[in-house]
Amino acid sequence: MSASAIVALPLLGAILPPLFARAGRTPALLAALAPSVVALLLLWGQAASVFSGVPEEVRVPWVPALGLEWALRIDGLGFFFASLILAIGILIFIYSRGYLAGNEPIGTFYAYLLLFQGAMLGVVLADNLLLLPVFWELTSLSSFLLIGFWCHLPDGRRGARLALAITGAGGLALLAGLILLGEVAGTYRLSELAARQELILASPLAPAILTLILLGAFTKSAQFPFHFWLPHAMAAPTPVSAYLHSATMVKAGLYLLARVWPVFGQTDAWVVWVTGIGAATMLLGATIALFKDDLKALLAYSTVSHLGLVTMLLGLGTPTAVFAAMLHVLMHATFKAALFMNTGIVDHETGLRDLRRLSGLAKVMPLTAGLGTLAALSMAGVPPLNGFVSKEAMLVEVLAARWGGGWPLWGLVGLAAILSAAYAFRYFSALFFGPLRLPEGRIPHDPPALLWGPPLVLVVAVVVLGLWPSLAEPLLAAASAAAVGAHAPWPELALWHGFGAPLVVSAVAFVIGAAMVWHYRALSGRVLAWALPFDGRRAFFSAQEWLVRGAHRLIARVHSGVLGRYVLLLAVVSLAALALGWGMGEGWRPQRAPTPMNGLGLIFAGVGLAAIGLVVRWHHKRLRAVLLTGAVGLVVSLAFLHASAPDLALTQISVEAVTTVLLLLMLFFLPQHDTEPVAKPRGAAAASILIGSVVGLLAWVMMRNDGPNLADYFWSRSVSEGGGSNVVNVILVDFRGYDTFGEITVLGIAALVIYALLQGMQEGVAREHLHAWRFPFALSPTRHPLPFAVTARVMLPFLLMAVFYIFFRGHNAPGGGFIAALLLALAFLIQYMASGLSWTMHRMRLDAHVWIGTGLLVAGATGMAAMGLGAPFLRSAHGEVHIPGIGPVPLASAMGFDLGVLLTVFGAVTLALVQLAHLGQLAGFLPSRTPMDPARPKPSEKEG
Amino acid sequence: MNAHLPILPVLIPVLSAAVMVALSRQDLVLARVLSFIAAAAQLVVALLLFAATGEGEILVYRLGDWPAPYGIALVADRLSAAMVLLTAILGAVLLLHAVCAWDRRGRHFHPLFQFQLMGIYGAFLTGDFFNLFVFFEVMLIASYGLMVHGGGAARLTNALQYMVVNLIASSLFLFAVALIYNAAGTLNFADLAQRVPTIPSSDRGILMAGGTLLCVVFLLKAAVVPLQFWLPGAYGHAPGVAAALFALLSKVGAYALLRFALVGLGWSSLAALEPLAWLTLLAGALGVLAAPSLGVLAGFASISSIGVLFVGLAGADAARLGAGLYYLVHSTLAGAALFVLADLVRSVRREEGDALVGGREFSGRALLGGLFFLVAIVTVGLPPLSGFVGKLAVLRNIPVTVIEGAASWVFVLMASFLLLLGLSRAGSRVFWKTQKDGGQASHGPAAGGVAALALLLAGTLVWALVAGPALAYFTQAAQALLEPGAYVQAVMGAGVYR
């Protein structure tokens, strides 16, 4: 359990500092320290079980199907790294309290650091191949937030994005590699991998797995050629650089290499690549570090170099080299964190970290100078400091390496040793010694204890571990044993190994290094003139901009916003799909004889085709196009009639009438001039003809095909069970009444949308447009001709009777709620045309919304009545009602449903109509401001 | 009550919307109260339905008491119940955002919102593909209404394109239904499943022409390449609350495709769509890089997640299909969250809106920046939220040793990387690149929107935590799609007239 607590404490504790920061900066620090300290105590409480080789394990299933479980295990390796993470973390927290300015949000800063700490602990304690990348990516994310902590600085933003992109990409590769590794190994437990080494290496996927894992490790640990993100991560506040980007997070890659070492560590590919990349990185980093004047940049490249060194050691393939690697991880963490804090103090006190503008600081900051010098000497590998111990161990291992016969690598390492001695010497000699140079107006002095305390602790460790390195032996032995999966005879740690080749190399390196610093100016002038500065960040961002531009161009082409292209694309895809589908069948022959064509049919076809032709001809003349489209609809309804489908014909003709009137009303609001004809009529015509022909062909095929259908059932049940002899209507209100319910809802919604849209036009800018707008033609003086008005009013009762008639006969004969509703709407439409809006509206008391809502409720309630009786929604009942004097009248519950249809459809059409009319009124055109009433003595004269 | 469970998710929103239309045309308070009551009732019903189908029961509801295939049958099984629950949750959460930011900017927001929900429920529950057409119409017209809510030139232009393209798709839907009915003589999925094997090869051309055409319609709804073009503009300019709900609409397309192709046509898998899924991934990811504003970016991110979804759905085994379905839920929550976030940014950045440019300091920057960070994590598929688990689940179930599998891996991972680039670029510009001096005078983000966003994010966290049982659930649901025997039997079982 304590393993879970160790990981969870910092993660959950991250919420505390922002809260406590409200009370002050010190409470925030204490809130940040509390989880870490407790976690560290818990961790060390596990020491006994770790060193006895029986690690504590926690396993909670998370997603068993994927192999993902919350599995943590504190073995020697995990214990070693976790101790580093927590111990250095505590020092960093204390340091940060002194480092951050008073007005900076320290609570947030601590929260991010704690998130990172928890994630990093998760990385090193996870015992599941899929849980590890979870924490891995979390470290990248918290690193992103911390690098971008000073987000007002462009460097901070870009550095953060760069680091996230590189480590994020590596994380993806790692995820892929680990999924495959688990699949090949048949287990997702890290601790079980070593036992399955043969199985894994035998898989054909092994090279791919290794490549992907190495990509993950190399990006995270800033190995060449991915090293360039790390120096730019230095835009972060210095505590972050010390903690994440030198002591811990960048070592996650090294940790991973150590973890998979038992599986891959002794394969040829591993030795070649890991050693090679490590050595290259080591040399490259050291070279660049020497020529950096920015203290943090110097330290950053030095870190790159040291990470390369450890990588190289892990690549050598011998257990003792792994031990040396662990040793150097520890030593590097101590002296490098101390150096970063030292730089932070200099920066804090002088506002600068440029070696060209600072020197001789020992005179004003003796304590800082002392600590910095000691740490830098350790970095150079000078005895008796801890850097010397690990460098010796490294040299011994390299000399013993089987790869490259030892010597070529030996040369590289020697060169790197010279360079690192040189930049380490330069760090303290140029900064702290020589003549005092300072930025104007600043008098630096040693900082408060909050800032020098933490590096002091580290420097003490540097000295102690240098003098008595065997103190660290149990810890490192446990870590190495866990890494290589076996206990090996670990090298004995001592300051003094006697004279030998390593010592000679060290001595030579110090001499040459010192000489290089002595002649630094001449050297740097020559080298800098010669070096080709490759700016990784600039390359990355220009590559990204190139990608963005390319994406822009592509997307602009594909998502052109040109509707015609979209429609054409949809048509092409549909035609292709049809062809594909048709091709899956074979041997279709027409099964039904065609109905013979007669004269009437020919006339319909001719009129219809002519109308269509004219619509195409006059597509840019709106009025004609609308009228001709209406004519096509009429022909279609006649064709329905001819084909014995009176219900369809009635529906079609009433729909035509209503839509044509609505469209004509709409025309009023469009520009009165014609639009431009289609620019490329040929292409459009070809496409249209093709699509039309295919649709026609489909219709022809369907009509000539004699497939199964449901019609018999409907025929046979319509009267007996549906209670109506008009099968079409029974289908609509009973068999498939649910469809109808949905469709009247669609109509209702459409009306509401029209209302909402046009209401929107009556407000804001559109309203002013409407007011300013003038009808360009002369208006007729008598817009409501008396004969029309009178006739319309006389007709109204007859029309209403017709509505009733059509509605009630609907269940047994052509008619029904839908047609009745359209007729009803037409009846009022006629009144509106004849007498104007106000007159009509004045007499229609109920708002159209009410009709729509009520209609849906009536239809729904009819259907739900059945539910009350234990039957499903829309279950119908029918029977005969005996009305005295008239006799038995057939009645079906479906009529209630049909009434709902009538109300909704009527409401929908009326709402659209009234809303359009309102808009017209607003535009100042529609004449009906004063109700036109023939009964009044003075007919409207001012209406002109 | 329990006997009527499958119809209630449709009836509750439509009747409450009808009451709103009839009574509260002018009264927003009444509409809000009704809307919340309706949302709560939908949640309860959805939970009951989820519980009632949890053990694999298939509830069949025969409307009008007519036997299938003559009447319309509603079918609630594991998959549809889960989708209904997802819809109910999303609807309820988004109402919080709606009442704070949107419902007073135009007319009839609440009825339209309820109608939209009704359409989605109806599509998830129906077992009949003409009825599916009807509910697609309900969804389409309601979504158009929500899309133009509040007006504005860019919004209207994009919505008009959406409407035209989708109306054409509706006609294609009708053609397809006619063709299928002509060859198979039925409109019912289960009946179709029974009849397809018996259809003579001479009629197969008609059947499959209709089948493939219907697939095109569903792919258009799901915004799969090459039919993805309508989405970013339409959703990106729609009111955020509507766009967030529309995150579900494309899933309806995917759902309908699964039902139709796997159950109705009896295909063994959607493997043929895998290459389209790759292109969809790529198009979405590149679009995220190219997007000029957060809203449009959210649209492209949705497209990209549709790509991952279809990579999962292309599987022929229940585990992979189940992973795809798990991802579907994630993708809905994540897409909705991104749209809500874009909307909130638009509301507080008076001058720049949601454009991806730096600008002046705005109130709520830290809060929105933090939320964006989390939303980006979900969208890219980084741990610990559901995007990561979803991606992991999909990848884990794709065999990398076959060439299509390897390609799917490459595309999924590459798209993740591009999304990472795009979102960090976008976030850095909007939330980091601010001038400290001269903040914009604006109110902070509305509490309801922030609450909705927080709930959505919490949802993705919960979804990641319950991934174990959730994947098991969807694997069973996927099994039912691949072996629809029980489904067919449940629908066609009793009293079939021949």
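Along each chain, residue indices are assigned from 1 in the same order as the chain's sequence is written. Chain letters and ligand numbers both follow the written order, the letters beginning at A and the numbers at 1. The predicted origin of the model limits local features to residues at a pLDDT of at least 70 and limits the giving and counting of side-chain atom pairs to 80 or more, whereas totals for whole chains, interfaces and linings rest on all residues. Working from all heavy atoms in the structure, the side-chain values ignore hydrogens and water.

> An account of helix H13 (residues 294-313) of chain B is needed here, citing residue identities and associated values.
Going along the chain from the N terminus, every DSSP run of H or I of four or more residues is numbered as a helix, and every run of E of two or more is numbered as a strand. Helix span, as expected, comes to 1.5 Å for every residue beyond the first. Compared with an ideal rise of 1.5 Å per residue, which puts 20 residues at 28 Å, H13(B) spans 28 Å between its outermost C-alpha atoms and is within 8% of the ideal. Think of it in three bands: residues with accessible area under 20% of the maximum for their type are buried, residues over 50% are exposed, and the middle band is partly exposed, with areas taken using a 1.4 Å probe on protein chains only. Most of H13(B) sits inside the fold, with 20 of its 20 residues counted as buried.

> Talk me through the environment of Val881(A); I want residue IDs and the actual numbers.
Inspection of the secondary structure assignment puts Val881(A) in strand S3 (residues 878-883). With a relative accessible area of 37%, Val881(A) lands in the partly exposed category.

> Outline a positive patch on the surface, listing residues and values.
Residues and elements named next belong to chain A. Exposure above 30% relative accessible area and the lack of any salt bridge qualify a residue for a patch; like charges then connect within 9 Å, and the nonpolar side chains Val, Leu, Ile, Met, Phe, Trp and Tyr within 5 Å. Exposure was quantified through the Shrake-Rupley algorithm and a 1.4 Å probe, taking into account, for residues, occlusion by the shown protein chains and nothing else. By definition, a salt bridge exists where a carboxyl oxygen of Asp or Glu is found within 4 Å of a side-chain nitrogen of Lys or Arg. Lys and Arg are tallied as positive, Asp and Glu as negative. Neither His nor the chain termini are counted. For the purpose of locating charges, the reference atoms are NZ of Lys, CZ of Arg, CG of Asp and CD of Glu. The grouping of Arg549, Arg553, Arg557, Arg565 and Lys680 at the surface amounts to a positive patch. When residues in the positive patch are grouped by element, the largest group, three residues, is from helix H24 (residues 536-558). Tracing the sequence through the fold places Arg553 in helix H24.

> Tell me what's going on with the packing of aromatic side chains, and back it up with residues and numbers.
When the centres of two rings from Phe, Tyr and Trp lie within 6.5 Å, Trp using its six-membered ring, the rings pair. Their planes under 30 degrees apart give stacked, over 60 give edge-to-face, and anything left gives tilted. For the coordinates displayed, the defined rule picks out 56 aromatic pairs over all chains. Following the ring pairs from residue to residue traces out a cluster consisting of Phe129(B), Phe130(B), Phe133(B), Phe136(B), Phe173(B), Phe189(B), Phe218(B) and Phe260(B). Whether a charge lies above a ring is judged from NZ of Lys or CZ of Arg, which has to be within 6 Å of the ring centre and within 35 degrees of the ring normal. If you follow Arg624(A) out to its NZ or CZ, it ends over the ring of Trp618(A), 4.6 Å from the centre. A cation sits over an aromatic face here: Arg105(B) above Trp102(B), 3.8 Å from the ring centre.

> Lay out the packing of helix H5 (residues 76-99) of chain A against helix H16 (residues 319-350) of chain A in plain terms, naming residues and giving numbers.
Residue and element names in this part refer to chain A. Close contact between H5 and H16 brings their axes to 12 Å; oriented N to C, the two are set at 5°. By the criterion of interaxial angle, the relationship of H5 to H16 is roughly parallel. Between H5 and H16, the contacting residues are Leu77, Phe80, Phe81, Leu84, Ile88, Leu91, Ile92, Tyr95, Gly98 and Tyr99 on the first element and Met326, Val329, Leu330, Ala333, Ala337, Phe340, Met341, Gly344, Ile345, Asp347 and His348 on the second. Residue type decides the class: Asp, Glu, Lys and Arg count as charged, Ala, Val, Leu, Ile, Met, Phe, Trp, Tyr, Cys and Pro as nonpolar, and the leftover types, Gly among them, as polar. Its residues assigned to classes, the contact of H5 with H16 shows 17 nonpolar, three polar and one charged. Fitted lines through C-alpha atoms give the axes, limited to the stretch in contact for helices. The angle between two N-to-C directions lies from 0 to 180 degrees. Any angle that is under 35 degrees is reported as roughly parallel, and any over 145 degrees as roughly antiparallel; angles of 65 to 115 degrees are reported as roughly perpendicular and all others as oblique. What makes two residues a contact is simply this: any of their non-hydrogen atoms within 4.5 Å.

> Outline the confidence of the model for chain B, listing residues and values.
Summing up the model confidence of chain B, the mean pLDDT is 93 and the portion of residues at 70 or higher is 97%. For this predicted complex, the interface confidence score (ipTM) comes to 0.96, while the overall pTM stands at 0.94. Confidence scores labelled pLDDT are given residue by residue by the predictor and lie between 0 and 100.

> Describe a nonpolar patch on the surface, naming the residues involved and giving the relevant values.
On the surface, a nonpolar cluster with roughly 500 Å² of combined accessible area is contributed by Leu786(A), Val790(A), Val794(A), Phe798(A) and Met801(A). Relative to the helices and strands, Met801(A) resides in helix H34 (residues 786-809).

> Describe the pattern of salt bridges, with residues and values.
Two side chains of opposite charge can pair, provided their charged atoms sit close to one another. Residues and elements named next belong to chain A. Within the structure shown, the criterion is met by 31 salt bridges over all chains. Where Arg59 meets Glu69, a salt bridge forms, and the shortest distance between an N and an O atom there is 3.1 Å. Of this pair, Arg59 sits in strand S1 (residues 56-63) while Glu69 is found in strand S2 (residues 68-74), placing the two residues 10 residues apart along the sequence. Relative accessible area serves as the criterion here: at 13%, Glu69 is assigned to the buried category. For Arg717, the salt bridge identified is with Glu721, shortest N-O distance 2.9 Å. Of the two residues, Arg717 and Glu721 both sit in helix H30 (residues 711-722), four residues apart, roughly one turn of that helix. On the basis of relative accessibility, which here comes to 19%, the residue Arg717 falls in the buried class. One network of salt bridges, with partners in common, ties together Glu57, Arg59, Glu69, Arg73, Asp75, Asp127, Arg189, Glu192, Arg196 and Arg259.

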